[in-house]
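Spelled out, the chains give:
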Amino acid sequence: MKHVLVTGGTGFIGSKLLSSDKFKFRHVVRGTTKKQFDDIFLVNEISSKTNWSDAFFGIDAVIHLAGIAHDLNFQEEEFFEVNKHGTLHLANEAANAGVKRFVYISTIGVNGEATFGEPFSEKDLPKPYNYYSKSKHEAEIGLIEIAKKTGLEVVIIRPPLVYGKGARGNFNSLVNIVKKVRLLPFGLINNKRSFISVSNLVSFILVCLEHEKAIGEVFIISDGDPISTRVFTSLIGKGVNKKTLQLPIPRWFLQVTFGFLGQQYRLQKVIGDLEVDSSKAKRLLSWTPLEDVVQAMKHID
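For the structure given in this document, a descriptive report is provided here.

Parameters and conventions
Residue positions within a chain follow its written sequence, with the count starting from 1. Whole-chain, interface and lining totals are the exception, using all residues; otherwise, since this is a predicted model, local features are given only for residues with pLDDT of at least 70 and side-chain atom pairs are given and counted only at 80 or more. Based on all heavy atoms of the structure, the side-chain values leave hydrogens and waters out of the count. In DSSP terms, a helix is any run of H or I states spanning at least four residues, a strand is any run of E spanning at least two, and both are numbered starting from the N terminus. C-alpha atoms define the radius of gyration in this analysis, and the globule rule sets the expected value at 2.2 Å times the number of residues to the power 0.38. Note on classification: 1.4 Å probe, protein chains only; a residue is buried when its accessible area is under 20% of the maximum for its type, exposed when over 50%, partly exposed between these limits. The contact rule is simple, with two residues in contact once any of their heavy atoms fall within 4.5 Å. Only the protein chains shown count as cover for residues, and all accessible areas are computed by the Shrake-Rupley method using a 1.4 Å probe. Under the counting rule used here, the positive set is Lys and Arg, the negative set is Asp and Glu, and His together with the chain ends is not counted. One atom stands in for each charge, and that atom is NZ of Lys, CZ of Arg, CG of Asp or CD of Glu. Put simply, a salt bridge is a Lys or Arg side-chain nitrogen that is within 4 Å of an Asp or Glu carboxyl oxygen. A pair of strands counts as paired when DSSP detects no fewer than two bridges linking them. Axis angles are defined between N-to-C directions and span 0 to 180 degrees, where every axis is a line fitted to C-alpha atoms and, for a helix, only to the segment in contact. Put simply, a crossing is left-handed when the front helix is turned counterclockwise from the back one by less than a right angle, and right-handed when it is turned clockwise. In this classification, the charged set is Asp, Glu, Lys and Arg, the nonpolar set is Ala, Val, Leu, Ile, Met, Phe, Trp, Tyr, Cys and Pro, and all remaining amino acids, among them Gly, are polar.

## Let's talk about the overall build of the protein chain
Broken down by element type, the protein chain carries nine helices and eleven strands. Expected size for 301 residues packed as a compact globule is a radius of gyration near 19 Å; at 19 Å, the protein chain falls within 12% of this value. Dimensions of the protein chain along its principal axes, counting C-alpha atoms only, are 60 × 40 × 35 Å. With 301 residues in all, the protein chain has 50% of them scored as buried. Restricting the contact set of the protein chain to residue pairs at least 6 apart, pairs at least 24 apart contribute 76%. In the form shown here, the protein chain has an accessible surface area of approximately 15200 Å², with 52% of it arising from carbon and sulfur atoms. Across the protein chain, the mean location of the 38 positive side-chain charges is 7 Å away from that of the 31 negative side-chain charges.

Laid out in structure tokens, this is it:
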């Protein structure tokens with residue numbers, strides 16, 4: 001049985017790893033956490049100065065989930081200290097301690113902010129667009145260099161929006177809106193957005209811990225075919241047992257209204273396209289999502 005160190009193990013994604021009995025997990029937790037696990041390693045923070053002494057005893061692989069998220073208000077240097085330098089420090093320490101594999105959860109934002117007719121794929125030239133995605137991209141570059149120098153088996157995963165019970169960020173905002181507002185303005189929005197349920201993401205991470213063909217690869221994954229915001233929010237309504245009505249409001253009206261409110265950036269995140277091609281993961285690793293979006297939405301409340 002492989003022993004795996006997990007950063008961010010108490011978070012939305014990391015806590016779901018507990019459902020696997022195929023691996024033994026050591027959770028990296030902050031000293032103030034109230035959650036209890038059988039095997040923990042305490043840190044004050046994740047940065048370029050984190051003391052990882054004794055963290056890797058008996059550890060075969062690392063899953064690195066922890067970091068500063070895009071929806072949090074931090075300065076540029078904070079994003080890079082945690083998401084880039086903290087990641088590379090962790091990887092170097094892991095390699096020096098003899099850890100074999102390092103699975104890094106990056107972001108689809110490394111590819112760009114939106115798609116225009118063609119889905120994002122692993123072949124695309126990276127176009128990170130904010131401090132969060134840029135710090136993640138530079139971490140990816142550094143990890144590849146560490147892999148070349150040390151032999152650490154690096155696997156990089158770039159998920160789109162991850163949803164499920166307990167999710168924060170944009171998905172949590174949509175859930176709260178659907179719970180409070182029966183009338184939604186997306187009746188004419190037929191955009192294409194890719195998502196991945198937390199269960200599907202966790203299943204893919206576990207595959208990447210062992211599959212030999214995952215070594216040195218970057219993967220973009222999703223539930224499957226993209227869906228519109230209209231369909232996605234309607235499914236959220238069903239998941240939280242709230243009836244919704246999608247009003248046929250023209251896109252231009254939403255753009256003008258949100259622009260007047262200074263929220264056009266947030267609107268783009270909802271009604272714009274962000275489509276991904278996850279065929280590489282299916283072809284190379286024979287991975288199949290555990291559930292589709294309809295099934296996944298039944299467990300969000």
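## Overview of the environment of Phe74
One can find Phe74 in the loop between β4 (61-64) and α1 (76-96). For Phe74 and Tyr131, which are 57 residues apart along the polypeptide, the C-alpha to C-alpha distance reads 9.1 Å. When sequence neighbours within four positions are dropped, the list of residues in contact with Phe74 reads Ile68 and Phe79.

## Regarding the side chain of Glu291
Take Glu291: it is sitting in the loop between α8 (279-285) and α9 (293-296). Despite its burial, Glu291 remains without a salt bridge, the nearest opposite charge being carried by Lys298 at 9.3 Å. With sequence-adjacent residues up to four places away left out, Glu291 is seen in contact with Ser197, Ser199, Asn200, Asp223, Ala296 and His299.

## A look at the pairing of strand β6 (residues 153-158)
In terms of burial, β6 is a largely internal element, six of the six residues being buried. Both faces of β6 are covered, namely the face carrying Glu153, Val155 and Ile157 and the face carrying Val154, Ile156 and Arg158. Alignment of strand β5 (residues 101-105) against β6, held across five bridges, turns out to be parallel. Bridging from a neighbouring strand, Arg101 pairs with Glu153 of β6. Relative to strand β10 (residues 218-220), β6 is paired through three bridges, and the arrangement is parallel. Bridge pairing links Arg158 to Ile220 in β10.

## Quick word on the packing of helix α3 (residues 169-180) against helix α5 (residues 229-239)
Running from amino to carboxyl end, α3 crosses α5 at an angle of 65 degrees, the nearest separation of the two axes being 9 Å. The handedness of the crossing between α3 and α5 comes out as right-handed. Seen from α3, the contacting residues are Phe171, Leu174, Val175 and Val178; seen from α5, they are Phe232, Thr233, Ile236 and Gly237. In the contact of α3 with α5, the residues fall into six nonpolar, two polar and no charged.

## Side note on the sheet that holds strand β2 (residues 23-30)
In space, the seven strands of this open sheet follow the order β3-β2-β1-β4-β5-β6-β10, with parallel pairing throughout. In this open sheet, the two edge strands, each paired with only one partner strand, are β3 (40-43) and β10. Going across the sheet, the axis of each strand differs from the next one's by a mean of 20 degrees, ignoring polarity. With four bridges connecting them, β4 and β5 associate as parallel partners. Across the sheet, residue Ile63 finds its bridge partner in β5, namely Val103. Contacting β1 (2-7), β4 and β5, α1 runs over the sheet at an angle of about 165 degrees to β5.

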